Amino acid sequence: MSCLFCKIVEKKIPSKIVYEDERVLAFEDINPQAPIHILVIPKKHISTSLEIKSDDNELVGYMVQVANNIAKEKNIAERGFRLVMNCNRESGQTVFHIHLHLFGGRIMHWPPG
Ligand code: 5GP
Ligand code: ZN
């Protein structure tokens, strides 16, 4: 398995971990696009959002809860934050292991670029 984020889960590649439990890992993005830019990933390898199966519904909902909890801990929940999951090439997905981007700490623009 040559997946970058699986290697981060296995600690073969270091990351700045923000939260970890048996199902998910959250770590700081290496190239932050906002003052707070954290990636929340499942430890299970799922390549894109298109590969999320019914059995994964609880896991993906849990990823959102973890992101919400981190937003609260970082004091950006009330101000506002953005969750993004890119899918495939035109979205800009570059790592094919699903991840929620948690962006916060600045005003977000809409429509996104
Ligand atoms: P995508 O474009 O696939 O939605 O997002 C992939 C994200 O992973 C990018 O924001 C990129 O900066 C981040 N990233 C890529 N390689 C690494 C890495 O080795 N470590 C960390 N912490 N983030 C990474
Ligand atoms: Zn993976």
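Above this text is the structure in question.
Thresholds, definitions, all that
- Residue positions are given per chain, counting from 1 as you read along its sequence in written order.
- Chain letters and ligand numbers both follow the written order, the letters beginning at A and the numbers at 1.
- Predicted model: local features are reported for residues with pLDDT of at least 70 only, side-chain atom pairs are reported and counted for 80 or more only, and whole-chain, interface and lining totals are derived from all residues.
- Note that the side-chain values use all heavy atoms of the structure and ignore hydrogens as well as water.
- It suffices for a single heavy atom of a residue to lie within 4 Å of a molecule or strand for the residue to be listed as near it.
- As used in this structure description, the phrase polar contact means that two N or O atoms lie within 3.5 Å; if the pair is within protein, one of them must be able to donate a hydrogen and the other to accept it, and residues adjacent in sequence are counted only when both atoms belong to side chains.
- Shrake-Rupley sampling with a 1.4 Å probe provides the accessible areas, and residues are treated as covered by the protein chains on show and by no other component.
- Each helix is a run of H or I in the DSSP string that is no shorter than four residues. Each strand is a run of E no shorter than two, and both are numbered from the N terminus.

As for the site of ligand 1
Near ligand 1 lie 17 residues; those nearest to it are Asp29, Gly92, Thr94, His99 and His101. Residue Gly92 places a main-chain N or O atom 2.8 Å away from an oxygen atom belonging to ligand 1. Between ligand 1 and Val95, the relevant distance is 3.0 Å, taken from an oxygen atom to a main-chain nitrogen or oxygen of the residue. Considered on its own, ligand 1 offers 520 Å² of accessible surface; in the complex 83% of this is hidden by protein. Secondary structure elements with two or more residues in the shell around ligand 1: helix 1 (4-9), strand 2 (24-28) and strand 3 (36-42). Here the element with the most residues in the shell around ligand 1 is helix 1; it accounts for 3 residues.

Purely geometric numbers; function is a separate question.
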